[in-house]
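Observations on chain architecture
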Amino acid sequence: MNNPTIVISGTGLFTPAELITNEELVESFNKYAERFNSSHHDQIGRGDLEAIPLSSVEFIEKASGITKRYVIDKRGILDPEVMAPQIAERTNDQQSLQCEISVAAAQQALEGANRQGGEIDAVIVACSNMQRPYPAMAIEVQEAIGAQGFAYDMNVACSSATFGMQAAYNAIISGSASRVLVVNPEICSAHLDWEDRDCHFIFGDVCTAIILERESEALSDHRWEILGTKLSTQYSNNIRNNFGFLNRCDPAGIGKPDKLFKQNGRKVFKEVCPMVAQLITDHLGELNIKTSDLSRMWLHQANLSMNRLISKKVLGKEPTEQEAPVILNHYANTSSAGSIIAFHLYNADLKNGDLGIICSFGAGYSIGSIIIKKQM
Ligand SMILES: CC(C)(COP(=O)(O)OP(=O)(O)OC[C@H]1O[C@@H](n2cnc3c(N)ncnc32)[C@H](O)[C@@H]1OP(=O)(O)O)[C@@H](O)C(=O)NCCC(=O)NCCS
């Protein structure tokens, strides 16, 4: 028996109201660094402590391509005395923040799919950081949108969205669900060390949503058929965050920098680019698709040079803005949501039959590829 055709029938994007430019970010970081250096003047002079070097807008733009980022709370991040977003805890009777932004993105995806929340029968919240271990964020979202069926959370870091899409695809193929919502509420500002010059510019906050269902049931005016999904993982310590429930069992480690995002950016760059290009090439080959048949690549958005290099390896030439749209200049790295933002914002101009690829990569290492064809 042939598998049913599964389509992406709706996508949604929630963008926080506040944004931080590189100029604002560097100004506040440099104030923080200067205050630290002057209050530790003697220790630094004796060589007992290293001075914090200043950050620069030119470096950030040249090394990453990022010019600004949206965040849930700008004030705390830019306050040199705080250097972290300030997000008040809510009571158990209030909707959690991750649920709130998930619902905002989900409503847009539902509208695009011409569906009501009650017609969704599985919800997957897939992202790099969950604000609590349980009850699952996805079950709260399920209730908030009035969805049926079941819901669960999953975390594969920057590849959470594509891994979530494969799980949704498989659930529909197997018959365990008929219409799945995948949401990616990425509040990356809360896992970023804003006091670390090497990475303080990297991340932003956002939430994306995707609805998958059978083509035969879809009511959407815009649909993308999923031709295939391919995932790959390989263990690496080069992007790591040791925050977790065991932290309290060793008080010596509480609040240490390794309880936030840490990376060896150079190694990540060097090791991940060839892996991603190879996986995309293999996936296209398995589906008998020539790279020249590909109209668009919606790549994970971590670093502009990295994206250019991957696209060049796959296409055999420098990609144009149309072939590999960039959103990280405005959104920064939004973890798993990056490739979905690019897809959401840059797919409407393509024609029936056009082929594209959504591809994520990041910590794990983890890589996810979804090859799709425009239907209408
Ligand atoms: C993080 C990244 C942008 C850094 O760029 P890079 O070119 O590798 O830069 P480096 O970290 O090697 O730093 C180069 C120099 O700039 C300095 N530098 C670092 N941050 C700086 C800042 N904010 N301002 C000014 N200078 C800075 C470094 O100290 C270093 O100085 P040195 O040459 O005197 O030692 C880049 O490696 C990257 O994006 N890698 C991939 C990351 C990725 O995709 N991660 C996935 C996350 S999910």
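For the structure, check the block above.
Below or above, wherever it landed, is the structure these notes cover.

How each quantity is defined
Residues numbered from 1 in each chain as written. Predicted model: local features only at pLDDT ≥ 70, side-chain atom pairs only at ≥ 80, totals over all residues. Helix = DSSP H or I, 4+ residues; strand = E, 2+ residues; numbered from the N terminus. Rg over C-alpha atoms; globule rule 2.2 N^0.38 Å. Buried ≥ 20, exposed ≤ 12 C-beta atoms within 10 Å, placed from the backbone. Pairing = 2+ DSSP bridges. Axes fitted to C-alpha atoms, helices over the stretch in contact; angles between N-to-C directions. Expected span 1.5 Å × (residues − 1). Contact = placed C-beta atoms within 7 Å. Parallel < 35°, antiparallel > 145°, perpendicular 65-115°, else oblique. Left-handed = near helix turned anticlockwise from the far one by under 90°. Nonpolar A, V, L, I, M, F, W, Y, C, P; charged D, E, K, R; others polar. Core = buried A, V, L, I, M, F, W, Y, C linked by C-beta atoms within 7 Å.

Scanning the protein chain from N- to C-terminus turns up eleven helices and 13 strands. Taken against the 2.2 N^0.38 rule, which gives 21 Å for 376 residues, the C-alpha radius of gyration of the protein chain at 21 Å falls within 12% of a compact globule. The principal-axis extents of the C-alpha atoms in the protein chain amount to approximately 75 × 55 × 35 Å. The buried share among the 376 residues of the protein chain stands at 45%.

Before going further, it helps to examine the sheet that holds strand 11 (residues 294-299). An order of 5-4-6-7-1-8-13-12-11 is seen for the nine strands of this open sheet, with the pairing classed as mixed. Taken across any chain shown, the strands that pair with only one partner, and hence form the sheet edges, are strand 5 (150-154) and strand 11. Taken pair by pair, the neighbouring strands of this sheet meet at an average axis angle of 25 degrees, ignoring direction. Pairing between strand 12 (residues 355-362) and strand 13 (residues 366-374): eight bridges, direction antiparallel. If you follow Ser360 over to strand 13, its bridge partner there is Gly368.

Next up on the list: helix 5 (residues 97-113). Taking 1.5 Å per residue, 17 residues should reach 24 Å; helix 5 reaches 24 Å between its end C-alpha atoms and fits that length. Of the residues making up helix 5, those classed as buried are Gln98, Cys99, Ile101, Ser102, Val103, Ala105, Ala106, Ala109, Leu110, Gly112 and Ala113. Those residues of helix 5 that are buried are in contact with strand 1 (6-14), strand 4 (122-126), helix 6 (137-145), strand 6 (179-187) and strand 7 (205-214). Positive phi appears at Asn114, one or two residues downstream of helix 5, with a value of about 60 degrees.

It is worth spelling out the environment of Val314 at this point. Checked against the element boundaries, Val314 lands in helix 9 (residues 304-315). Of the residues examined, Val314 has 24 C-beta atoms within 10 Å and is grouped as buried. Spatially, the C-alpha atoms of Val314 and Glu81 are 45 Å apart, while their sequence positions differ by 233 residues. Every residue in contact with Val314, bar those within four places of it in the chain, is listed here: Ala277, Ile280, Thr281 and Thr291.

So, on to unusual backbone geometry. Of the consecutive residues Tyr134 and Pro135, the connecting peptide bond is found in the cis state with omega at -5 degrees. Within the secondary structure layout, Pro135 lies in the loop between strand 4 and helix 6. With a phi close to 60 degrees, Asn114 is a non-glycine residue in the positive phi region. Its location among the elements puts Asn114 in the loop between helix 5 and strand 4.

With that settled, the discussion passes to the packing of helix 5 against helix 6. Following both chains from N to C, one finds helix 5 and helix 6 inclined at 50 degrees, their axes separated by 9 Å at the closest point. Comparing the axis directions of helix 5 and helix 6 gives the class oblique. Crossing handedness for the pair helix 5 and helix 6: right-handed. Mapping the contact onto sequence places Gln98, Cys99, Ser102, Val103 and Ala106 in helix 5 and Met137, Glu140, Val141, Ala144 and Ile145 in helix 6. Of the residues contributing to the contact of helix 5 with helix 6, the split by class is seven nonpolar, two polar and one charged.

Of all hydrophobic cores here, the largest spans 107 residues; its most connected members are Val141, Ala168, Leu181 and Val182. Once residues lying within four places of it in the same chain are set aside, the contact partners of Val182 are Ile124, Ala126, Ala161, Gly164, Met165, Ala168, Ala209 and Ile210.

Our focus in this paragraph is the environment of Val180. Structurally, Val180 is set in strand 6. C-beta crowding within 10 Å serves as the criterion here: with 27 such atoms nearby, Val180 is assigned to the buried category. Contact partners of Val180, with chain neighbours within four places excluded, come to Ala122, Ile124, Ala168, Ala171, Ile172 and Leu212.

Below, the discussion takes up the environment of Val276. Relative to the assigned elements, Val276 resides in helix 8 (residues 265-286). Judged by the 28 C-beta atoms lying within 10 Å of it, Val276 falls in the buried class.

On to helix 1 (residues 22-39). When the terminal C-alpha atoms of helix 1 are compared, their 25 Å separation across 18 residues agrees well with the 26 Å that a helix rising 1.5 Å per residue should span. Asn22, Leu25, Val26, Ser28, Phe29 and Tyr32 are the residues of helix 1 that are buried.

As a further point, take the pairing of strand 1. Among the nine residues that make up strand 1, nine are buried, leaving the element largely enclosed by the rest of the structure. With eight bridges connecting them, strand 1 and strand 7 associate as antiparallel partners. Directly across from Ile8, in strand 7, lies its bridge partner Leu212. Of the pairings in the sheet, the one linking strand 1 to strand 8 (residues 224-233) comprises two bridges and is antiparallel in character. Its bridge partner being in strand 8, Ile8 is matched across the sheet by Trp224.

Attention now moves to the packing of helix 1 against helix 3 (residues 57-64). When two helices pack together, their arrangement is given by the angle between the helix axes and by the axis-to-axis distance. In the contact formed by helix 1 and helix 3, the axes pass within 9 Å of each other and the chain directions differ by 125 degrees. Looking at the two axes, helix 1 sits oblique to helix 3. Helix 1 and helix 3 meet at a crossing whose hand is right-handed. Every residue of helix 3 that contacts helix 1 at Asn22, Glu23 and Val26 is listed here: Val57, Ile60 and Glu61. Here the contact of helix 1 with helix 3 is composed, by residue class, of three nonpolar, one polar and two charged.

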